Amino acid sequence: MTSEQNWDFAPTGIRQIQREYTAYGLELEGSYTVNKFNFNGSITWTKAEISKDVINPAVEGNTPRRQADFIYNAIAAYKFGADGKHNVGVSLIGTTKSFAQDNNELIMPGYVYFNPFVNIELTKGLMASLNVNNVFNTIGITEVEEGSIVENTDNILRARSINGRTTSLTLSYRF
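So, here's what we can say about the structure. Keep in mind it's a predicted model, so treat the numbers as computed, not measured. (Residues numbered from 1 in each chain as written. Predicted model: local features only at pLDDT ≥ 70, side-chain atom pairs only at ≥ 80, totals over all residues. Heavy atoms only, no water.)

### With respect to the overall build of the protein chain
So the rule is basically this: For helices the rule is a DSSP run of H or I covering at least 4 residues; for strands it is a run of E covering at least 2, with both sets numbered from the N terminus onward. Burial classification: accessible surface area is computed with a 1.4 Å probe over protein chains only, and a residue below 20% of its type maximum counts as buried, one above 50% as exposed, and the rest as partly exposed. Throughout, a residue-residue contact means that at least one pair of heavy atoms, one from each residue, lies within 4.5 Å. A positive count includes Lys and Arg, and a negative count includes Asp and Glu. His and the chain ends are not counted in either. One atom stands in for each charge, and that atom is NZ of Lys, CZ of Arg, CG of Asp or CD of Glu.
Along the backbone of the protein chain there are zero helices and twelve strands. Put simply, the protein chain runs from its N terminus to its C terminus through helices and strands in the order β-β-β-β-β-β-β-β-β-β-β-β. Along the three orthogonal principal directions, the C-alpha set of the protein chain runs to about 65 × 35 × 30 Å. A burial count over the protein chain gives 26% of its 175 residues as buried. At a minimum sequence separation of 6, the contacts of the protein chain that also span at least 24 residues come to 52%. Seen as two clouds, the 15 positive and the 18 negative side-chain charges of the protein chain have centres 11 Å apart.

If you want it as structure tokens, here you go:
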């Protein structure tokens, strides 16, 4: 259990927060290697609840905003070439759905995005790396300021998203 006393300065006005939360969770992390193949991953499960709210008791029992039940990541990579100096792989990062605000009326959908990569050692100490972040250009919403959508009304939602697809090519030299 934890408590919070805070002020939220939002475009809709200043909101005082004075509440208590109860949360339980479990985090698993692992790594497995077979010959030239390596897998790393983690998953975090959280069960959180607003247990008491002095200012707004209507949200008691709700899930805190932006708190997904599960967040996870995994990296699979394969080493190849002389002495395994090169590698190719993919990472994935994901989350399950969560609520936009503490009233639990608007759901932000879960998402997973993939990031392939390849690293080639060109000469001793000189490495070329190609990385593509969010290769499928997945839309992942991380925050929404509004707490609901009202029917028969023009609704404007302000949201923050993960980055779209980006690609980088890097040359690095280690000495």
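### Remarks on the pairing of strand S3 (residues 37–53)
Across a regular strand the side chains alternate sides, sitting on one face of the sheet and then on the other. Rules: When DSSP finds at least two bridges between two strands, those strands are taken to pair.
Relative to S3, strand S2 (residues 13–34) runs antiparallel, the two being bridged by 16 bridges. Considered in S3, the bridge of valine 34 is made with phenylalanine 37. Connecting S2 to the next strand, S3, in antiparallel fashion are two residues, including asparagine 35 with a positive phi near 50°. Pairing between S3 and strand S4 (residues 70–80): nine bridges, direction antiparallel.

### What to know about the pattern of salt bridges
The line we're drawing: Each salt bridge in this description consists of a side-chain nitrogen of Lys or Arg and a carboxyl oxygen of Asp or Glu lying within 4 Å of one another.
If you walk through the whole model with that rule in mind, you get seven salt bridges. One salt bridge connects arginine 66 with glutamate 145, and the closest N-O pair in it is separated by 3.8 Å. Pair noted here: arginine 66 is in the loop between S3 and S4 and glutamate 145 is in the loop between strand S10 (141–144) and strand S11 (159–161), with a separation of 79 residues, a long-range link. Residue class for glutamate 145 comes out partly exposed when judged on its relative accessible area of 21%. With its nearest N and O atoms 2.6 Å apart, the salt bridge here joins glutamate 146 to arginine 158.

### With respect to the pairing of strand S5 (residues 86–95)
Pairing geometry for S4 and S5, over ten bridges, is antiparallel. Among the inter-strand pairings, phenylalanine 80 is bridged to a residue of S5, identified as histidine 86. With antiparallel pairing between neighbouring strands as the criterion, S4 and S5 make up a hairpin whose turn holds five residues, including glycine 81 at a positive phi of roughly 85°. Pairing analysis gives nine bridges linking S5 to strand S8 (residues 111–123), with the strands arranged antiparallel. Opposite serine 91, over in S8, you have asparagine 115 as the bridge partner.

### As for the packing of aromatic side chains
Condition: Under the pairing criterion, centres of Phe, Tyr and Trp rings, with the six-membered ring standing for Trp, must be within 6.5 Å; the plane angle then separates stacked pairs below 30 degrees from edge-to-face pairs above 60, leaving the rest tilted.
Enumeration according to the criterion identifies three aromatic pairs in this entry. Between tyrosine 111 and tyrosine 113, the aromatic rings sit 6.4 Å apart at their centres with planes inclined by 25°, giving stacked as the arrangement. For the pair shown, tyrosine 111 and tyrosine 113 are each scored as buried. Between the aromatic rings of phenylalanine 114 and phenylalanine 136, the centroid separation amounts to 5.8 Å while the plane-to-plane angle is 75°, which identifies the pairing as edge-to-face. With phenylalanine 114 in strand S8 and phenylalanine 136 in the loop between strand S9 (126–133) and S10, this residue pair connects regions lying 22 residues apart in the sequence. Judged by its relative accessible area of 58%, phenylalanine 136 falls in the exposed class.

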